[in-house]
Amino acid sequence: GAVVSQHPSWVICKSGTSVKIECRSLDFQATTMFWYRQFPKQSLMLMATSNEGSKATYEQGVEKDKFLINHASLTLSTLTVTSAHPEDSSFYICSADIAGGVNEQFFGPGTRLTVL
Amino acid sequence: RKEVEQDPGPFNVPEGATVAFNCTYSNSASQSFFWYRQDCRKEPKLLMSVYSSGNEDGRFTAQLNRASQYISLLIRDSKLSDSATYLCVVNLRAAGNKLTFGGGTRVLVKP
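Residues numbered from 1 in each chain as written. Chains lettered and ligands numbered in written order. Predicted model: local features only at pLDDT ≥ 70, side-chain atom pairs only at ≥ 80, totals over all residues. Heavy atoms only, no water.

## Examining the sheet that holds strand β3 (residues 19-25) of chain B
Residues and elements named next belong to chain B.
Step number 1: Pairing within the open sheet is antiparallel, and its five strands lie in the order β1-β3-β8-β7-β6. Taken across any chain shown, the strands that pair with only one partner, and hence form the sheet edges, are β1 (4-6) and β6 (55-57). Neighbour-to-neighbour, the strand axes of this sheet turn through a mean angle of 20°, independent of strand direction. (Pairing = 2+ DSSP bridges. Helix = DSSP H or I, 4+ residues; strand = E, 2+ residues; numbered from the N terminus. Axes fitted to C-alpha atoms, helices over the stretch in contact; angles between N-to-C directions.)

Structural data, given as structure tokens:
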């Protein structure tokens, strides 16, 4: 149980386009979903926290107008990278915690974004 | 100062040997601690939670020292499959279950 999926697993796009990444909890309801970014040889950096039905909370330095997060249901959150540029190329990972659960977050397999 | 600091390694370990490494955290209000394992180009996977009294899971032993604000991970009888990056993760629950990741310690187990 506690499986999180992400789609797509990888994407290559041209500079200036927008890319949407989906994060789904497949067998549980997630009160909160988290979006992370990981650059090569670096650790995961939390970008934002999203709660179902409310606006996401962004970490300092993360542009909310560039990284649009929608958490429309207890099983789906989306991250849209708007007007992507090469410096946005990264590994984007989502995680979810179980509604009413204790601490543990379950991670999706990640989406590797390459912007040309 | 980073919130969670780790020696990046790599730790080159002969197969069958024991390896141990630490992680320090800066926020004394941190409440939950974990070790995650991340393989190259994959998502992190929970290895074990770290409890105040220390805990063991097979060949893996984790310790927490709140006074000195560090946690440790020890791997006994290393296997080739233990080669990975080990991420120290701290949860400041007052901040809404946010996880803060260390930079990771790379372990390479060699035959």
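## Observations concerning the state of the cysteines
Step number 1: Considering all chains together, one arrives at two disulfides over all chains under this definition.
Step number 2: The side chain of C23(B) participates in a disulfide bridge whose partner is C88(B); the two sulfur atoms lie 1.9 Å from each other. Looking along the S-S bond of the C23(B)-C88(B) disulfide, the torsion reads about -60°, which is the left-handed sense. Here C23(B) is found in strand β3, whereas its partner C88(B) is found in strand β9 (residues 84-92), with 65 residues between them in sequence.
Step number 3: Look at C23(B) and you get buried, because its relative accessible area is 1%.
Step number 4: C94(A) supplies the cysteine sulfur nearest to C13(A), a cysteine that is in no disulfide, at a spacing of 19 Å. (Disulfide = S-S within 2.5 Å. Buried < 20%, exposed > 50% of the residue type's maximum accessible area, 1.4 Å probe, protein only.)

## Remarks on the environment of F33(B)
Residues and elements named next belong to chain B.
Step number 1: One can find F33 in strand β4 (residues 32-38).
Step number 2: With a relative accessible area of 1%, F33 lands in the buried category.
Step number 3: A sequence separation of 32 residues divides F33 from R1, and the C-alpha atoms of the two residues are 19 Å apart.
Step number 4: Setting aside anything within four residues of it in sequence, one finds F33 in contact with Y25, S49, V50, L64, R66, I71, V89 and V90. (Contact = heavy atoms within 4.5 Å.)

## Digging into the layout of surface pockets
Step number 1: There is about 880 Å³ of room inside the largest pocket.
Step number 2: Contributing to the lining of the largest pocket are 34 residues, with Q38(A), P40(A), K41(A), Q42(A) and T85(B) lying nearest its centre.
Step number 3: At the level of secondary structure, the elements contributing two or more residues to the lining of the largest pocket comprise β9 (90-98) and β11 (111-115) of chain A together with β1, β9 and β11 (105-110) of chain B.
Step number 4: The dominant element in the lining of the largest pocket, judged by the number of residues it contributes, is β11(B), at four residues.
Step number 5: Taken together, the residues of the lining of the largest pocket sort by class into twelve nonpolar, 14 polar and eight charged.
Step number 6: By volume, the second largest pocket is sized at about 620 Å³.
Step number 7: Along its surface, the second largest pocket is lined by 29 residues, and L44(A), M45(A), E3(B), T100(B) and F101(B) are the ones closest to its centre.
Step number 8: Breaking the lining of the second largest pocket down by element, the ones donating at least two residues are β5 (45-51) of chain A together with β9 and β10 (98-101) of chain B.
Step number 9: Top element by residues in the lining of the second largest pocket is β10(B). It accounts for four residues.
Step number 10: Of the residues contributing to the lining of the second largest pocket, the split by class is 13 nonpolar, eleven polar and five charged. (1 Å grid on protein atoms, 1.4 Å probe; cavity = no way out; pocket = protein on both sides within 12 Å on 5 of 7 lines; lining within 4 Å. Points joined across faces, edges and corners; volume = space filled by probe spheres on them. Nonpolar A, V, L, I, M, F, W, Y, C, P; charged D, E, K, R; others polar.)

Taken by themselves, the reported measurements are silent on function.
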